[in-house]
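Coordinate analysis (summary)
Residues per chain are reported as follows:
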Amino acid sequence: MADQSFLNWPFFEDRHRELASALDEWCAAHLPVDHGDVDAACKGLVAALGAAGFLRHSGAAEGERLDVRSLCLTRETLARHDALADFAFAMQGLGMGAISLFGTPGQREWLERTRAGEAISAFALTEPGSGSDVANTATTAERVVGGWRLTGEKTYISNGGIADLYVIFARTGEAPGARGLSAFLMPADSPGLTIAERIEVIAPHPLATLKLDKVFLPDEALIGESGAGFKLAMSVLDVFRPTVGAAALGMARRALDEALERTQTRRIQGQPLSDLQLVQGHLADMALKVDAAALLVYRAAWAKDMGAPRITREAAMAKLYATEAAQEVIDAALQLHGGDGVRHGVKVEELYRDIRALRIYEGASDVQRVVIARSILG
Ligand code: COS
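Residues numbered from 1 in each chain as written. Predicted model: local features only at pLDDT ≥ 70, side-chain atom pairs only at ≥ 80, totals over all residues. Heavy atoms only, no water.

Per an unreviewed UniProt entry, the chain carries the name Acyl-CoA dehydrogenase family protein and comes from Paracoccus caeni. The UniProt entry for the chain carries the following text under Sequence similarities (unreviewed entry): "Belongs to the acyl-CoA dehydrogenase family." The Cofactor (unreviewed entry) field of the UniProt record for the chain holds the comment "FAD". (UniProt positions renumbered as here; feature names shortened; annotations may be inferred.)

A separate point is the layout of surface pockets. As a volume, the second largest pocket reaches approximately 280 Å³. Every residue lining the second largest pocket is counted, 15 residues in all, and those nearest its centre are Arg-15, Arg-56, His-57, Asp-67 and Ser-70. The leading source of residues in the lining of the second largest pocket is helix H1 (residues 14–30), at four residues. Of the residues that constitute the lining of the second largest pocket, the class distribution is four nonpolar, four polar and seven charged. (1 Å grid on protein atoms, 1.4 Å probe; cavity = no way out; pocket = protein on both sides within 12 Å on 5 of 7 lines; lining within 4 Å. Points joined across faces, edges and corners; volume = space filled by probe spheres on them. Helix = DSSP H or I, 4+ residues; strand = E, 2+ residues; numbered from the N terminus. Nonpolar A, V, L, I, M, F, W, Y, C, P; charged D, E, K, R; others polar.)

Bringing the site of the ligand into the picture now. Taken together, 22 residues lie around the ligand, and Ser-132, Arg-179, Lys-231, Gly-363 and Arg-374 are the ones closest in. Within the side chain of Asp-238, one N or O atom sits 2.9 Å away from a nitrogen atom of the ligand. Arg-241 is positioned such that a nitrogen or oxygen atom in its side chain is 2.9 Å from an oxygen atom of the ligand. For the ligand, the protein covers 73% of the area, taking 1000 Å² as the surface of the free molecule. Every element with two or more residues in the shell around the ligand is listed here: helix H7 (229–265) and helix H11 (365–377). Element by element, the count of residues in the shell around the ligand is highest for H7, at six residues. Its residues placed into classes, the shell around the ligand shows 10 nonpolar, five polar and seven charged. If you count residues domain by domain, the shell around the ligand takes at least three from each of domain 2 (121–229) and domain 3 (230–377). (Near = heavy atom within 4 Å. Polar contact = N/O pair within 3.5 Å; in protein donor to acceptor, adjacent residues only side chain to side chain. Areas by Shrake-Rupley, 256 points an atom, 1.4 Å probe, with all protein chains shown as cover. Domains from an automatic or database assignment.)

Along the chain, the position of Ser-58 falls in the loop between helix H2 (38–51) and helix H3 (68–81). Within the structure, the side chain of Ser-58 is placed 2.6 Å from the backbone oxygen of Leu-55, a separation counted as a polar contact. When near neighbours in sequence (up to four residues on either side) are disregarded, Ser-58 contacts Leu-66, Leu-71, Phe-89, Gln-92, Gly-93 and Arg-115. (Contact = heavy atoms within 4.5 Å.)

UniProt feature "domain: Acyl-CoA dehydrogenase/oxidase C-terminal" (unreviewed entry): in the numbering of this structure it lies at residues 227–377. Counted over residues 227–377, helix gives 74% and strand 3%. Its end C-alpha atoms are 27 Å apart.

This part covers the UniProt feature "domain: Acyl-CoA dehydrogenase/oxidase N-terminal" (unreviewed entry) in the chain. The positions that UniProt labels "domain: Acyl-CoA dehydrogenase/oxidase N-terminal" (unreviewed entry) are, in the present scheme, residues 14–118. Secondary structure across residues 14–118 divides into 70% helix and 0% strand, with the first and last C-alpha atoms of the span separated by 29 Å.

What follows concerns the environment of Val-134. Tracing the sequence through the fold places Val-134 in the loop between strand S1 (121–124) and strand S2 (140–144). Taking the C-alpha atoms as reference points, Val-134 and Ala-303, 169 residues apart in sequence, are found 26 Å from one another. With sequence-adjacent residues up to four places away left out, Val-134 is seen in contact with Leu-125, Leu-181, Phe-230 and Met-234.

Let's shift gears to the packing of aromatic side chains. The geometry of an aromatic ring pair is captured by two quantities: the separation of the ring centres and the angle between the planes. Throughout the structure, instances matching the rule amount to nine aromatic pairs. When the centroid spacing of 4.8 Å and the interplanar angle of 65 degrees are considered together, the rings of Phe-12 and Tyr-298 count as edge-to-face. Of this pair, Phe-12 sits in the segment before H1 while Tyr-298 sits in helix H8 (residues 277–305), placing them 286 residues apart in sequence. Phe-12 gets classed as buried once you look at its relative accessible area, which sits at 6%. On the accessibility criterion, Tyr-298 (0% relative accessible area) is buried. Considering the side-chain rings of Trp-26 and Phe-54, the 5.9 Å spacing of their centres and the 65 degrees angle between planes classify their relative orientation as edge-to-face. With a gap of 28 residues between them, Trp-26 in helix H1 and Phe-54 in the loop between H2 and H3 connect regions that are remote in the sequence. The pair Trp-26 / Phe-54 is uniform in exposure class, with both members buried. An aromatic cluster is built from Phe-6, Trp-9, Phe-11, Phe-12, Tyr-298 and Trp-302, whose rings are joined through pairwise contacts. The ring of Trp-148 carries Arg-143 above its face, with NZ or CZ at 4.2 Å from the centroid. Taking the ring centre of Phe-6 as reference, the NZ or CZ of Arg-253 above it sits at 4.1 Å. (Phe/Tyr/Trp six-rings, centres within 6.5 Å; stacked < 30°, edge-to-face > 60°. Buried < 20%, exposed > 50% of the residue type's maximum accessible area, 1.4 Å probe, protein only. Lys NZ or Arg CZ within 6 Å of the ring centre and 35° of its normal.)

This is the structure we're talking about:
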């Protein structure tokens, strides 16, 4: 059982401790799932997490606010048991993040379905020519009678191919660059929308390139104000970046647990590996990184929940540190497993692949450094 003492930190309330304990129990009974068919696995996970009630933490219903500490605790706990379960939960949150923060009552009807596990959502921002550089978005939304026509290409879209709806960003042209983008709610069965390619990655999950050929979306599909899409995307990422840090934290905690188990049972020259001071040094560094990551992640989540209007710097620090530290912790855990560490089917080998994308998606580590530097330079 992973160290749960952090739950006594002042960032948390009793309802958070209850959530962490109930979810941990659920995970022990239901995870990991078979990853053989990732589409089927993700659909099953969304349905199961919805039925168990945990997906309600992925979005905010009318009159509610997102609770970022609950989002983070849920991701941390799921990621400690099964990274694909974390992915399934996380995408319901990120996909609907714009609706949770800015949605109209009509748009929130979709949110009720994603929070119940009855619909799957996706966040479609990245394009072949703009990953980090969101202001360079090329997909266009042309104004037509009664709505908009969207044309372009989106890539590396998680849940692409299995999603029921996408929150998509396109250029509406009010101004050049960041000031001319808007966000839209796009059902997956919209005529003109096709899946151009399914993408295989290091730790498999549903991922695709989308093509849009004059996809019509009605006026009601616009989220927030036209021209405000860049700031809307950044506001969503401010909330969800600490949750990426939380997922990394869950993976790092699991790696530390695996390393503790391994080094206390594996013997070398008549003594457990954990009796060697060099091994203890690694374990100490790993535990230190786990606690430092947890402090940054829950500081960011707590600040947002306490009503901070923007947590851009705290979110960037949490994501940057927790994902980089988790990679180091997992690498050290793998090393302590010797040859077994690189065998398929051994947990640390799986974690080694699972963690890698977290240093890239929702703003690569160097983008987070840019964000932090800009904030301290004023
Ligand atoms: N919240 C609200 N507003 C924000 C904001 C935030 N977090 N960050 C920037 N803005 C505002 C700025 O204040 C600025 O407003 P004004 O025009 O009124 O002055 C506007 O948005 C443009 O900001 P900026 O000039 O900083 O934009 P850049 O084009 O330089 O982009 C980075 C900044 C690189 C930080 C941004 O594009 C980014 O985060 N990229 C990574 C994207 C990403 O995470 N992709 C992954 C996709 S999801 S898997």
